[in-house]
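Below are the chains, spelled out letter by letter.
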Amino acid sequence: VERTSAMPSNAPGRTAVNWTGPYIGLHGGFGSGDSHSTTVFGSTNFDPNGGFGGIQAGYNWQFAPNWVIGMETDSSWGSLKDSSGGDYAKIDEMSTARGRFGYAMNNVLIYGTGGLALAHLDSTTAVGAISADHYLRGWTAGAGVEYKVAPRWSAKVDYASADFGSVTEQSVGPIAVTDKLDVQTIKVGLI
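Residues numbered from 1 in each chain as written. Predicted model: local features only at pLDDT ≥ 70, side-chain atom pairs only at ≥ 80, totals over all residues. Heavy atoms only, no water.

## Observations concerning the overall build of the chain
Phase 1 of the analysis: A tally of helices and strands in the chain yields 0 helices and 9 strands.
Phase 2 of the analysis: Tracing the chain from N to C terminus, the helices and strands come up as β-β-β-β-β-β-β-β-β.
Phase 3 of the analysis: Across the 191 residues of the chain, 40% fall into the buried class.
Phase 4 of the analysis: Look at the contacts in the chain between residues 6 or more apart in sequence, and 61% of them connect residues 24 or more apart.
Phase 5 of the analysis: Taken as a whole, the chain presents about 10000 Å² of accessible surface, with 61% of it coming from carbon and sulfur. (Helix = DSSP H or I, 4+ residues; strand = E, 2+ residues; numbered from the N terminus. Buried < 20%, exposed > 50% of the residue type's maximum accessible area, 1.4 Å probe, protein only. Contact = heavy atoms within 4.5 Å. Areas by Shrake-Rupley, 256 points an atom, 1.4 Å probe, with all protein chains shown as cover.)

This is the structure:
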């Protein structure tokens, strides 16, 4: 009688697809934000939205036997913007570094994700007289589903919410601009 400690890949309770390993790929999507710019002259509210595209890379570890844990970083470029009169707000760059934790069912992986976020915001307020251009740091959290379409390829869709807090900087002489930003994104990717 021959004994083996390895469970066959088609045994009940074990996923037939192994999600362990590195990956890199492309993504695109749509984002919608909520931005507030405040100066001594008052507050201006914007709802920047638009499309973006970018790259992501990460690594997954599968264990016990259907759970998957990993890390992922991504960078996106695009144009999420809103304007009113001579004022505007535009987000043209976003990046994240996140942990992922999910459950694999053969070629389907359902996961939650969360971590750090960075966004570049360019805004002009007080009828175009005061401008601010800065990076905002914050956190992001979301969830998604990934589907193995081939042994080395998978497609995914995920939703994320990011809170970048607020930042204050001097803009014109003694006039300070405070910008606050939140962004929601939906993206699809091929990795």
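## Thoughts on the nonpolar core
Phase 1 of the analysis: Core analysis: the biggest nonpolar cluster contains 14 residues, and Ile91, Met94, Ala119, Phe164, Leu181 and Val183 have the highest contact counts within it.
Phase 2 of the analysis: The contacts of Ile91, once residues within four sequence positions are left out, are Pro48, Gly78, Ser79, Leu80, Ala119, His120, Leu121, Leu181 and Val183.
Phase 3 of the analysis: Ranked by size, the runner-up nonpolar core spans 5 residues in total, among them Trp19, Val68, Ala104 and Leu109. (Core = buried A, V, L, I, M, F, W, Y, C linked by side-chain atoms within 4.5 Å.)

## Observations concerning empty space enclosed by the protein
Phase 1 of the analysis: For the structure shown, the criterion picks out 1 cavity of 30 Å³ or more.
Phase 2 of the analysis: If you add up the space inside the largest cavity, you get close to 200 Å³.
Phase 3 of the analysis: In terms of lining residues, the largest cavity is bounded by 17 residues, among which Thr96, Thr140, Ala160, Thr185 and Lys187 are the most central.
Phase 4 of the analysis: For the lining of the largest cavity, the elements supplying multiple residues, two or more each, are strand S4 (67–84), strand S5 (87–105), strand S6 (108–125), strand S8 (153–172) and strand S9 (175–190).
Phase 5 of the analysis: Partitioning the lining of the largest cavity into residue classes produces 7 nonpolar, 6 polar and 4 charged. (1 Å grid on protein atoms, 1.4 Å probe; cavity = no way out; pocket = protein on both sides within 12 Å on 5 of 7 lines; lining within 4 Å. Points joined across faces, edges and corners; volume = space filled by probe spheres on them. Nonpolar A, V, L, I, M, F, W, Y, C, P; charged D, E, K, R; others polar.)

## A short note on the confidence of the model for the chain
Phase 1 of the analysis: Looking at the chain as a whole, the pLDDT averages 87, with 88% of positions reaching at least 70.
Phase 2 of the analysis: Of all helices and strands in the chain, the one with the weakest mean pLDDT is strand S2 (residues 42–46) (82), whereas strand S3 (residues 49–63) scores best (97).
Phase 3 of the analysis: Scored below 50 in pLDDT, residues 1–12 shows 6 contacts in the model against residues more than four places distant or in partner chains. (pLDDT = per-residue confidence, 0-100.)

## Examining the layout of surface pockets
Phase 1 of the analysis: Of the pockets and cavities examined, the largest pocket occupies roughly 190 Å³.
Phase 2 of the analysis: Looking at the largest pocket, it is lined by 15 residues, and the ones nearest its centre are Pro22, Tyr23, Lys148, Arg152 and Ser154.
Phase 3 of the analysis: Those elements giving two or more residues to the lining of the largest pocket turn out to be strand S1 (21–39), strand S7 (130–150) and S8.
Phase 4 of the analysis: If one sorts the elements of the lining of the largest pocket by residue count, S1 sits on top with 4 residues.
Phase 5 of the analysis: Taken together, the residues that form the lining of the largest pocket break down as 7 nonpolar, 5 polar and 3 charged.

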